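Observations on the three-dimensional arrangement
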Amino acid sequence: PLREWLILDGDNNFIKKVNYDTIDPIAKNLLKVGIGNKVGLADVGGNLISELREWKIFSFEGQYALVKEGDKYGVLNAGGSLTVPVAYDTLILGEDYLVGALVKEGKKKEWHALQYSGEILFKRDCDALNIGNQGYFSFLENSSWGFLNYKGERTVPNQYDAVQPFINGRAIAHYMGSDGVINRS
């Protein structure tokens with residue numbers, strides 16, 4: 001049932017009344033509001049800035065939040081707009097980039113490396129794609145790991161049993177029972 005809420009400023013001065021079932025702070029200057037089984041974003045004045053939908057809005061990391069609608073994921077920005085459509089079966093958020101998977105034809109996955117703006121940097125059919133570090137993404141294909149650059153070009157062949165992200169141009173790779181250090185080429 002709708003409830004009447006009073007919006008107050010930091011000094012407990014009345015700003016306005018709003019009607020929602022639920023109101024929860026979700027980020028600085030943002031509220032998650034709900035009516036029935038639909039939720040959306042509102043500013044601190046209680047003004048709706050996104051549509052109300054049957055989705056889950058996760059916590060904001062900086063200016064972006066992961067959203068889930070049904071069994072699909074997308075990204076919502078602090079302005080209330082979807083920057084990445086709610087279309088991905090898997091979506092992993094990193095500091096600078098995110099990766100998402102679309103299940104195609106049974107169990108085959110098409111992975112996308114994306115910017116938070118929603119721009120797709122590249123697409124790749126592979127078993128796994130991990131968040132990029134220093135412009136490089138690790139990928140698993142035919143049971144072996146390698147690296148791709150932000151354009152999707154293979155820079156380190158997928159020949160390793162396991163890899164760690166690059167730090168200062170070097171990464172740890174596990175190959176035939178031993179660990180070693182590799183560079184980006």
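Now for a quick tour of the structure. (Residues numbered from 1 in each chain as written. Predicted model: local features only at pLDDT ≥ 70, side-chain atom pairs only at ≥ 80, totals over all residues. Heavy atoms only, no water.)

Within this structure, the stated rule accounts for six aromatic pairs. Between Phe 122 and Phe 137, the aromatic rings sit 5.4 Å apart at their centres with planes inclined by 85°, giving edge-to-face as the arrangement. Taken together, the positions of Phe 122 in strand S13 (residues 120-125) and Phe 137 in strand S15 (residues 136-141) put the pair 15 residues apart, joining distant regions of the chain. Residue Phe 122 is classed as buried on the basis of its relative accessible area, which comes to 6%. Among the aromatic residues, those joined into a ring-pair cluster are Tyr 97, Phe 122 and Phe 137. Positioned above the aromatic ring of Phe 139, the side-chain terminus of Arg 124 is 4.7 Å from the ring centre. (Phe/Tyr/Trp six-rings, centres within 6.5 Å; stacked < 30°, edge-to-face > 60°. Helix = DSSP H or I, 4+ residues; strand = E, 2+ residues; numbered from the N terminus. Buried < 20%, exposed > 50% of the residue type's maximum accessible area, 1.4 Å probe, protein only. Lys NZ or Arg CZ within 6 Å of the ring centre and 35° of its normal.)

This paragraph deals with the sheet that holds strand S4 (residues 30-35). Spatial strand order, S3-S4-S5: three strands in an open sheet with antiparallel pairing. The open sheet has two free edges, formed respectively by strand S3 (22-27) and strand S5 (38-43), since each of these has just one partner strand. Adjacent strand axes in the sheet meet at a mean angle of 30° when their direction is disregarded. (Pairing = 2+ DSSP bridges. Axes fitted to C-alpha atoms, helices over the stretch in contact; angles between N-to-C directions.)

In this section: the pairing of strand S10 (residues 90-93). Two strands pair when backbone bridges link them, and S10 and strand S11 (residues 98-104) are joined in this way by four bridges, in the antiparallel orientation. Paired with Leu 93 across the two strands is Leu 98, which belongs to S11. Connecting the antiparallel pair S10 and S11 is a turn made up of four residues.

Let's shift gears to the sheet that holds S13. Hydrogen bonds between backbone groups are what pair the strands of a sheet, and the pairing can be parallel or antiparallel. As summarised here, the arrangement of the four strands in space is S10-S11-S12-S13, forming an open sheet in which the pairing is antiparallel. On the outer flanks of this sheet lie S10 and S13, each paired with one strand and no other. The average undirected angle you get between the axes of adjacent strands in this sheet is 15°. Bridge analysis of strand S12 (residues 108-114) against S13 gives five bridges, and the strand direction is antiparallel.

Within the fold, Asn 149 resides in strand S16 (residues 144-149). Among the polar contacts made by the side chain of Asn 149, one reaches the side chain of Glu 153 at a distance of 2.7 Å. Setting aside residues up to four positions removed in sequence, Asn 149 forms contacts with Phe 122, Gly 135, Tyr 136, Phe 137 and Thr 155. (Polar contact = N/O pair within 3.5 Å; in protein donor to acceptor, adjacent residues only side chain to side chain. Contact = heavy atoms within 4.5 Å.)

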